[in-house]
Protein chains: 2
Amino acid sequence: MPTIYQVAERAGVSLSTVSRVLNGKASVNKVLKERVDKAVKELNYRPNSVARSLANSRTDSIGVLVPELNAPFFGDLMQAVESTLRAADKHVIISVGQNCVETEKDAVEFLISRNCDALIMHAEALSDEYLLELNQSKLPVALVNRQVEGLPEACTSLDNEKGGYLATRHLLELGHKDIAYISGPKDKSDASLRLQGHKRALSEAGLPVDPQLIFNGDYSEEDGKVGLLELMARDIPFTALVCANDWMASGALSCARDLGMSLPQDLSIVGFDDVVFAHHVFPRLTTVSNPIAEMAEMSAKYILNKVYGQANEVQHYFEPSLVVRESTVKHEG
Amino acid sequence: MPTIYQVAERAGVSLSTVSRVLNGKASVNKVLKERVDKAVKELNYRPNSVARSLANSRTDSIGVLVPELNAPFFGDLMQAVESTLRAADKHVIISVGQNCVETEKDAVEFLISRNCDALIMHAEALSDEYLLELNQSKLPVALVNRQVEGLPEACTSLDNEKGGYLATRHLLELGHKDIAYISGPKDKSDASLRLQGHKRALSEAGLPVDPQLIFNGDYSEEDGKVGLLELMARDIPFTALVCANDWMASGALSCARDLGMSLPQDLSIVGFDDVVFAHHVFPRLTTVSNPIAEMAEMSAKYILNKVYGQANEVQHYFEPSLVVRESTVKHEG
DNA sequence: CTGTTAGCGCATTCAT
DNA sequence: ATGAATGCGCTAACAG
């Protein structure tokens, strides 16, 4: 590995001149510049990024925290972040939080110890206070798909209430009146907002909100199944079901099929997120789109602005929209 | 940010003593060690990993190349690599190759410029020659799910031929005799090996290999659909279909349903890889399991051995196995 | 067992 | 516009 020193020697100039042409910040005599370029080529010189980082205390690396690596939702997120950042010659160090406070803290510590220039996180378990504190520690932070009081510009978020509203509204328009709901964990704001939207749609239609038609799930596929069984056991009839995410919808879907129901005639089901397998399930899932890739891209651009002086436009709030497929059908009756 | 120097000062020892207790390599007087530990705590000192890297020319980071970030198959791969490496306090820099030679080369260049200690790659487009050359450049390389002549110990791979054999064998045992096959790109060795296994199963059963019953796909969902339509257009009856991966199987599945066929009665379908959505599709997909997570883990352990002096056992060859679900059924007739 | 010294490769003052 | 000198924070001989 040639060093900048050897390049200087071969080009017959000083260290600093080479550095200058490499970074293009200061102006350099054209002749010298050419000699340097030539030497660089001949030696196949590549700057040592570690040394560079030590000298200017920038690593050009951004830490990314996601709950898991093998879920389509977070795959979309990472894809968007990586490509946006890579276009700016930054790179991504990915770390996994596993939905657990301790692991998430560890992961953040890990990323910090790696001297990341900034953090982009989809933090599930970390508290708002922790995030605020982190942000004040002069390490820029971007929060994807989350809203933290006091950090408006660092967050991108979705109007989850509207999403919940759209899902239920769709079913109402199809003539359903008895609509069950499988919620996400109520301590998560997105879950409670989605539920809130559901209730608003019901109210607007002049329908009561029956707590017996609501099941509290944990966003897992398994809980889609458990939830459906539990709801049916309560013996209050319903012709449609909203699930707070696609995983639970998928669980409910296959459970319903296993129960011998014919879908969507016997039960209309709506999901949330529009993850990639939403059109793999049968019947293809009607769901609410979640523009996670765009939110992730905006987070990356926000960091690019904040840390590297770029000037991208960044959007912080996003609207969900309904994606109608085949798992919902008009209620005859 | 406190430096090692300030820790030394506060503990009343020298720089090197601090370094020694931090790295635990050499032995240090117990009393001094305690003073150092105390100072570290009090100052909340965290070693600067960049400086450390510059001094010992190790970044403790491993470059990972995958074709895409938002596919379940590669999600499993990354998950396994990340957790294995993280347990050893190494970290992962992920880069995307997009199935394209140029992009893959760029990605590799990028990772090299980042001073990765090693590379773990699922390289799709890069040639064997390129990989051999890379490996000789003293940068250790591990190839996941690929076999390169001349680099036996760097590779983990699956017995794809056997996988193809198992898929077709299963259908034969169910009484099917007319079995169509949608292959992956024939320039990829896994695809051609899977097809080869299919043919062997046919031959062993004394059945002819009809080229008219084979369609060349590109592993995409779309080609599952296109392939099925094309095969049906050829007007040679078949009662079962093997697809060289789950994506194509999924495409074929939903295409068949759209055509009004009732599954699995009208057509038995087998996939390959057992990706996460294999049990989301309807009917749940019978497929061949691909232990990608284990292969990835082994690649990580291989690197841990090779670069960081660990001594894990590493397995290089893996056997696929059949996962029977509901998309295949006995052929009556 | 401990402290002193010298780089690792580069960016950046500061002079010129 | 250019070169010489200094330091980023740490590890690793080396000497004691």
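The coordinates are above.
No experiment lies behind these values; they were computed from the predicted model shown.

Caption draft 1: Representation of the interface of chain A and chain B in the model. Counting from both sides, the interface comprises 45 residues of chain A and, opposite them, 47 residues of chain B. Of the roughly 4200 Å² buried between chain A and chain B on both sides combined, carbon and sulfur atoms contribute 52%. When the area that chain A buries against chain B is broken down by residue, the three leading residues are Arg-86, Arg-114 and His-280 of chain A, summing to 15%. At the junction of chain A and chain B, the tally comes to four salt bridges. A salt bridge links Arg-284 of chain B to Asp-258 of chain A, with the shortest nitrogen-to-oxygen separation between them at 3.2 Å. Listing elements by their share of the side of chain A that touches chain B, those giving two or more residues are α4 (49–56), α5 (72–86), β2 (91–96), α6 (101–113) and α11 (246–258) of chain A. Its residues placed into classes, the side of chain A that touches chain B shows 16 nonpolar, 15 polar and 14 charged.

Caption draft 2: Region of the structure containing the protein's contact with DNA strand D. With respect to spatial proximity, 24 residues lie near DNA strand D, and among them Thr-17, Arg-20 and Asn-29 of chain A together with Ile-4 and Tyr-45 of chain B are the closest. In DNA strand D, atoms within 4 Å of the protein come 66% from sugar and phosphate. A distance of 3.1 Å separates a phosphate oxygen of DNA strand D from a polar atom in the backbone of Ser-14 of chain A. Listing elements by their share of the surface near DNA strand D, those giving two or more residues are α2 (15–23) and α4 of chain A together with α2 (15–23) and α4 (49–56) of chain B. Here the residues of the surface near DNA strand D are counted per class, giving eleven nonpolar, eleven polar and two charged.

Caption draft 3: Highlighting the nonpolar core. If you look at the biggest cluster of nonpolar residues, it comprises 192 residues, and the most contacted ones within it are Ile-120, Met-121 and Leu-241 of chain A together with Ile-120, Met-121 and Leu-241 of chain B. Beyond its immediate chain neighbours, meaning those up to four positions away, Leu-241 of chain A contacts Leu-171, Ala-180, Tyr-181, Ile-182, Leu-228, Leu-231, Ala-252, Leu-267, Ser-268, Ile-269 and Val-270 of chain A.

Caption draft 4: A look at the pairing of β2 of chain A. Residue and element names in this part refer to chain A. β2 sits mainly inside the fold: six of its six residues count as buried. Side chains of β2 alternate between two faces, with His-91, Ile-93 and Ser-95 and Val-92, Ile-94 and Val-96 buried alike. Inspection of the sheet shows strand β1 (residues 61–66) paired to β2 by six bridges, in the parallel sense. Counted as the bridge partner of Leu-65 is Ser-95 from β2. Where the polypeptide runs from β1 across α5 and back to β2, its parallel neighbour, the crossover connection is right-handed.

About the criteria used
- Residues numbered from 1 in each chain as written.
- Chains lettered and ligands numbered in written order.
- Predicted model: local features only at pLDDT ≥ 70, side-chain atom pairs only at ≥ 80, totals over all residues.
- Heavy atoms only, no water.
- Contact = heavy atoms within 4.5 Å.
- Buried area = accessible area lost by both parts, 1.4 Å probe.
- Salt bridge = Lys/Arg side-chain N within 4 Å of Asp/Glu carboxyl O.
- Helix = DSSP H or I, 4+ residues; strand = E, 2+ residues; numbered from the N terminus.
- Nonpolar A, V, L, I, M, F, W, Y, C, P; charged D, E, K, R; others polar.
- Near = heavy atom within 4 Å.
- Polar contact = N/O pair within 3.5 Å; in protein donor to acceptor, adjacent residues only side chain to side chain.
- Core = buried A, V, L, I, M, F, W, Y, C linked by side-chain atoms within 4.5 Å.
- Buried < 20%, exposed > 50% of the residue type's maximum accessible area, 1.4 Å probe, protein only.
- Pairing = 2+ DSSP bridges.
- Right-handed = clockwise from strand over helix to strand, strands pointing away.

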